[in-house]
Amino acid sequence: MTKKRYGVVGAIAAAALAVSVMAVPTAFAAKKSIVIWADDTRGPALESIVKQMEAEVPGYKVSVRSFASYDALGTAWDKATAATGPDIILRDGSLALSGSKSGKIQSLIISSTTRAAFSKAAIGALTVKARVYGIPTDADVTGMVYNTALMAKAPKTMQEIYDYYTANKTSKGLTNGICSFNGTWGAQPVLTALGGGTWGYKGTTANLSKVVFNSPAFKKNAKKYLLGADGKTNGFFSYSECDSAFKAGKVPVALVGAWNMDGIQKAGIKYAWGSLPGVTEGTFGNQWVGYSAAYLTSYATKHGVRIGANQLLNRFFASEEGQLAFNEAQKTPRPLAHLSASEKTKDLDAAGLGQASRNAVPQLNGPLGDKTGGADWYAVSDDALKDIFAGKDLNTTLDKAAAILAKNFANAAKS
Amino acid sequence: MFYALVGLRGPLALVLKYALLGAADALLILLLSAAINKSSFIIAGVVIATLIFLNYSFITKGAIPLKFLSVGLIFFTIFVVTPTGYTILMSTYNFKTGNEIARESAIVEILNNGLLPDDAGTTYDLFLGKSSDDQFAAILFDPVRSQLLYATERGTRPISEGDITRDSTGFIIEAKGIVKLTDEEFSGLDEVITNLRFPLGDGSFANPQGTDVAARLTQSIEYNKNKDQLINVQSGEIFIDNGEGNFVSKDDPSFKLDPGWRAFSGMDNFKSLFFDKNLRDPFIKVFIWTIAFAFLSVGTTFAVGMALAIALQDPIKFRRFYRGFLILPYAIPSFMSILIWRGLFNQEYGAINTLFGLDVAWFESPWLARFAVILVNLWLGFPYMYLIGSGALQAIPSEIEEAAAIDGASEKQAFITIKLPLLLQILSPLLIASFAFNFNNFNIIYLLTGGGPTNAIDGEVAGATDILISYAYKTAFGTNFQNLGLSSAISMVMFVIVGSMSLYTLKKSKVLNNL
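Computed from a predicted structure; not experimentally measured.

1. Points about the overall build of chain A
Of the regular secondary structure elements, chain A holds 21 helices and 15 strands. Per-residue burial for chain A yields a buried fraction of 55% across its 415 residues. Contacts in chain A between residues at least 24 apart in sequence constitute 74% of all its contacts with a sequence separation of at least 6. In the form shown here, chain A has an accessible surface area of approximately 16,800 Å², with 57% of it arising from carbon and sulfur atoms.

If you want it as structure tokens, here you go:
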């Protein structure tokens, strides 16, 4: 064969290979699929109940993509495009605000029956400008657990925990009296139990014009319980390194979320649920309660599965059976958002957290995430506690923080 | 020549060439097919251009230099030119949370948000199919009012129970004049059905929300294409394009409709970076630290690396062992090393505080955090400088040293006045590359300190150890509310700075003169 003929044969072979590859997408053309994105705990649970979900949307295929972590899901969502994005995403309540603003999630038309299946707070948490943007799946809340090997009974006052800590600090090698597994967000019960918190309330309604982060009561109690003679932290309360310390049996009381329970159980810690007591008996600290939700993305319309995805949300995620099946499939049982499903939850941890969620106050993502004053509540509260614990003047620090928060809340109240 | 270079000639070389070309073509055609399926026509165009260019390079005889350059040029275009071009483009857009999607999509979403259910939240049982004239038709049943309607896109009319058949649970399974869509047909027509509107006669309409449910809705916001305005039909309020990517109320321009869209903003992002005090102050602070960090990183790693190279230049006992030992930090993946160092610096459990009996919060103080960053970067970077320094030292002829000794120069004088300038001449391109790398050394900042410490109470926006790249990342992806346009502008400033400095230094060092 001549060189020219080899060339011709080669070119034909190349073309044939190329054409055969073109046929591949046709041969494997996908059925209409509703794609769900979820994190590393919710995703695998949903994968195990795909058949149940598909039963609610005949004619559609359901596929779940699980991400390695909650943050990885967030990063992927930020970068999602119409070509790559999901039709449904499971995310925390703050997505209602940012997603509605960006147009990446769609408002839902939900029936009065669906609305009645959830608390007003749950629906309210996912409502932006009078439109509902998600189906609440579970409550994001922390509750108090106490190590029963250290404290046999639930403490009745903050002083009781404080006394236990100071009496046993050396003998039992305690690192703290109370700690929060989830930073300052999880530490909210301690701040409120000491007379502080974020904003005031008129009845049960948040009063954004009243900042209580620097309330006189909190200043007084923080000096008493949180600071030592040198003006720095006395170690009684910590909102960092709680995970390892509590699991090592070095802290009697911890504020935990559902996602922390697996590790605590594996560490062999014996615990019981309770409510974090305030300074006087019968008063308690309040935690935020936010709601995670299943959202319909605007990509669903572009993918031509909007009705299917909407039906999946209403028939599965908004139903008692769906929420119970989802809860059962998860290794980390969370307090369910669906009222009747929540009552049927048998898991003790979910019940403990469910109790905590009933005592909690709504987490308002708008004011908490507002940065008009220069930084949002998360950064301000974190830095304020850090500065106070490092020995900076408590009154000045709290007043500066409160001034920033006041600007944030005033702006959030406007919008 | 080409085949001679790769050591292949004859039929085998040709077969191999066409097999590889065929595989590359196949891969590109697969990409082309995927791009067309996703309606990504720009990408499809790029793939077609690549296909033509690649085949032209390898099939024609007249383009021999292209055979060597084509693959490199393609990758350069895809991975360097395209992202740079896209970043330049995005820096001229108002591209942030709330202004992310295209204008047409934003209007669709606003109109979607303008769909309001009636006060009673009326929903209908839906039996959807097609009529004899192949048009969509439906039976709507309102269970509250026990009302049955035959609906088409032209309107609705009441019908009786005799026109339908229900199953034992009351579910409609048949209707006169309608052939129900199968599940597969329904899903196949999802994007058409989602826009179906069955007028109910009072301005409201029934719109399918599922395979067997529809909701009674009204369109409260309408779009006037001729005037390019949105109108709230209930209140009469008019919304106009504010030129910045949002429809705003004509009466109160501070009231925006969500979502907005990605709008061209010219140089606004650059202007705000330099003239908006809230952005300029942290930017300048970060810029100064970035320069200092890059210089200190190159300086310290070069000093330690060269010192070790010089020390191990002469044969000493266990030299091989020392050399192997010294490049160990280079052999461990840097992200692992950084995370280990992060643990070592931990205030409560870290080995550094434990070993020295300290209680230092390394990452809480700005200067200590900066010191930690430089120290860890020294650990990560000195083996590289040691390796290139050793090579460069061996490249300097020993005769030069001997001549200097004969002329009476001491070892120190010979090193400072002869060897070091020669070394710098040889190593300057690598030092420049190292500077550019450290200027954009995202990993060490992100993994070690996260850019912190930042004190929000004192009004700080950027962290004490934030460098431009980590600051740009935080601006783009740091919180729920992101500003990708501004972040692109920061990236462009970095690109110009690094590019200019590299070009200037390369020209000064004359290392490119012989190329």
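This is not the end of the story, as more comes after the structure.
2. Side note on the environment of Lys250 of chain B
All names here are of chain B. Inspection of the secondary structure puts Lys250 in the loop between β16 (247–249) and β17 (263–264). Judged by its relative accessible area of 48%, Lys250 is partly exposed. As for Lys250 and Leu27, which are separated by 223 residues in sequence, their C-alpha atoms are 52 Å apart.

3. What to know about the domain arrangement of chain A
Residues and elements named next belong to chain A. Annotation of chain A at the domain level lists domain 1 (33–140 + 289–360) and domain 2 (142–286 + 364–414). A straight line from the C-alpha centre of domain 1 to that of domain 2 covers 29 Å. With 13 residues of domain 1 at the contact, the number on the domain 2 side is 15 residues. Buried surface at the junction of domain 1 and domain 2, summed over both partners, amounts to about 1,100 Å²; 62% is from carbon and sulfur atoms. Counting across the interface, domain 1 meets domain 2 through 0 salt bridges. Counting every contact that joins domain 1 to domain 2 gives 0 residue pairs in polar contact (both at pLDDT 80 or more). At the level of secondary structure, the elements contributing two or more residues to the side of domain 1 that touches domain 2 comprise α5 (94–102) and α18 (348–359).

4. Things to note about the packing of aromatic side chains
Under the definition given, this model contains 39 aromatic pairs over all chains. Both rings, one in Trp77 of chain A and one in Tyr299 of chain A, keep their centres 6.0 Å apart while their planes meet at 70°; by these two values the pair is edge-to-face. Remark: Tyr299 of chain A occurs in helix α14 (residues 299–302) and Trp77 of chain A occurs in helix α4 (residues 70–79); sequence separation between them is 222 residues. Residue Trp77 of chain A is classed as buried on the basis of its relative accessible area, which comes to 5%. One aromatic cluster is present, built from ring pairs that chain together Trp341, Phe345, Trp362, Phe363, Phe371, Trp379 and Phe382 of chain B. The residue whose ring lies beneath Lys104 of chain A is Trp77 of chain A, and the NZ or CZ to ring-centre distance is 4.8 Å. Above the ring of Phe136 of chain B, the side-chain terminus of Lys130 of chain B is found at 4.9 Å from the ring centroid.

5. As for the side chain of Thr449 of chain B
Secondary-structure assignment places Thr449 of chain B in the loop between α17 (442–448) and α18 (468–477). Ignoring sequence-local partners within four residues, the contact set of Thr449 of chain B consists of Phe363, Ala369, Val373, Ile444 and Thr465 of chain B.

6. Here's the deal with the pattern of salt bridges
Taken as a whole and judged by the stated rule, the model has 29 salt bridges over all chains. The salt bridge involving Asp399 of chain A is made with Lys219 of chain A; its shortest N-O contact spans 2.8 Å. Taken as a pair, Asp399 of chain A in helix α21 (residues 394–414) and Lys219 of chain A in helix α11 (residues 216–225) lie far apart in primary sequence, 180 residues in all. When its relative accessible area of 33% is taken as the criterion, Asp399 of chain A is described as partly exposed. By relative accessible area, Lys219 of chain A is classed as buried at 17%. Measuring nitrogen to oxygen at the nearest pair gives 2.6 Å for the salt bridge that ties Arg103 of chain B to Asp228 of chain B. With Arg103 of chain B in helix α5 (residues 103–113) and Asp228 of chain B in the loop between β13 (221–224) and β14 (229–232), this residue pair connects regions lying 125 residues apart in the sequence. Since its relative accessible area comes to 22%, Arg103 of chain B is described here as partly exposed. Connected via shared salt-bridge partners are Asp39, Arg42, Asp138 and Asp140 of chain A.

7. Focus: the side chain of Thr152 of chain B
Residue and element names in this part refer to chain B. Position of Thr152 among the secondary structure elements: in strand β5 (residues 147–152). Given the relative accessible area of 11%, Thr152 is considered buried. When residues no more than four places from it in sequence are discounted, the contact partners of Thr152 are Phe136, Ala137, Phe198 and Pro199.

8. A word on the sheet that holds β14 of chain B
All names here are of chain B. If you trace the 4 strands from one edge of the open sheet to the other, you get β13-β14-β15-β16, paired in antiparallel fashion. Only two strands of the sheet have a single neighbouring strand rather than two, namely β13 and β16. Neighbour-to-neighbour, the strand axes of the sheet open up by a mean angle of 30°, direction not taken into account. With 4 bridges connecting them, β13 and β14 associate as antiparallel partners. Each bridged residue has a counterpart across the sheet, and for Glu222 the counterpart in β14 is Ile231.

9. Describing the interface of chain B and chain A
Chain B puts 60 residues into the contact, and the matching count from chain A is 61 residues. For the pair chain B and chain A, the summed buried surface comes to about 5,000 Å²; carbon and sulfur atoms form 55% of the total. Summed over the shared surface of chain B and chain A, the result is 6 salt bridges. Among the ionic pairs, Lys400 of chain A bridges to Asp458 of chain B, the shortest N-O distance being 2.8 Å. One can count 22 residue pairs in polar contact (both at pLDDT 80 or more) joining chain B with chain A. Where the side of chain B that touches chain A is concerned, the elements lending two or more residues are α2 (10–37), α5, β2 (115–117), α6 (183–188), α7 (190–193) and β12 (213–219) of chain B. No other element matches the 12 residues that α2 of chain B contributes to the side of chain B that touches chain A. Along the lines of polarity and charge, the residues of the side of chain B that touches chain A split into 23 nonpolar, 23 polar and 14 charged.

10. Notes on the state of the cysteines
Residue and element names in this part refer to chain A. Under the counting rule described, the total for this entry stands at 1 disulfide over all chains. There is a disulfide in this structure between Cys179 and Cys242, and the S-S distance comes to 1.9 Å. In this structure the cystine formed by Cys179 and Cys242 twists about its S-S bond by roughly 55°; its chirality is therefore right-handed. With Cys179 in strand β8 (residues 178–180) and Cys242 in helix α12 (residues 242–247), this pair connects stretches of sequence that are 63 residues apart.

11. Details of the environment of Val213 of chain B
Residues and elements named next belong to chain B. Structurally, Val213 can be placed in strand β12. For the pair Val213 and Phe127, spaced 86 residues apart in sequence, the C-alpha separation works out to 8.1 Å. Apart from residues lying up to four places away in sequence, Val213 is in contact with Thr123, Tyr124, Leu126 and Pro208.

12. Some points on the sheet that holds β8 of chain A
Residue and element names in this part refer to chain A. If you walk across this open sheet you meet the 5 strands as β11-β8-β12-β7-β13, and the pairing is mixed. One side of each edge strand has no neighbouring strand; the edge strands of this open sheet are β11 (237–238) and β13 (271–274). Bridging between strand β7 (residues 142–147) and β13 involves 4 bridges; their strand directions are antiparallel. When the sheet's bridge partners are listed, Met144 is paired in β13 with Gly274.

13. Quick word on α11 of chain A
For α11 of chain A, the set of buried residues is Phe218, Lys219, Asn221, Ala222 and Tyr225 of chain A. Those residues of α11 of chain A that are buried are in contact with α8 (158–168), α10 (188–193) and α21 of chain A.

The rules we used
- Residues numbered from 1 in each chain as written.
- Chains lettered and ligands numbered in written order.
- Predicted model: local features only at pLDDT ≥ 70, side-chain atom pairs only at ≥ 80, totals over all residues.
- Heavy atoms only, no water.
- Helix = DSSP H or I, 4+ residues; strand = E, 2+ residues; numbered from the N terminus.
- Buried < 20%, exposed > 50% of the residue type's maximum accessible area, 1.4 Å probe, protein only.
- Contact = heavy atoms within 4.5 Å.
- Areas by Shrake-Rupley, 256 points an atom, 1.4 Å probe, with all protein chains shown as cover.
- Domains from an automatic or database assignment.
- Buried area = accessible area lost by both parts, 1.4 Å probe.
- Salt bridge = Lys/Arg side-chain N within 4 Å of Asp/Glu carboxyl O.
- Polar contact = N/O pair within 3.5 Å; in protein donor to acceptor, adjacent residues only side chain to side chain.
- Phe/Tyr/Trp six-rings, centres within 6.5 Å; stacked < 30°, edge-to-face > 60°.
- Lys NZ or Arg CZ within 6 Å of the ring centre and 35° of its normal.
- Pairing = 2+ DSSP bridges.
- Axes fitted to C-alpha atoms, helices over the stretch in contact; angles between N-to-C directions.
- Nonpolar A, V, L, I, M, F, W, Y, C, P; charged D, E, K, R; others polar.
- Disulfide = S-S within 2.5 Å.

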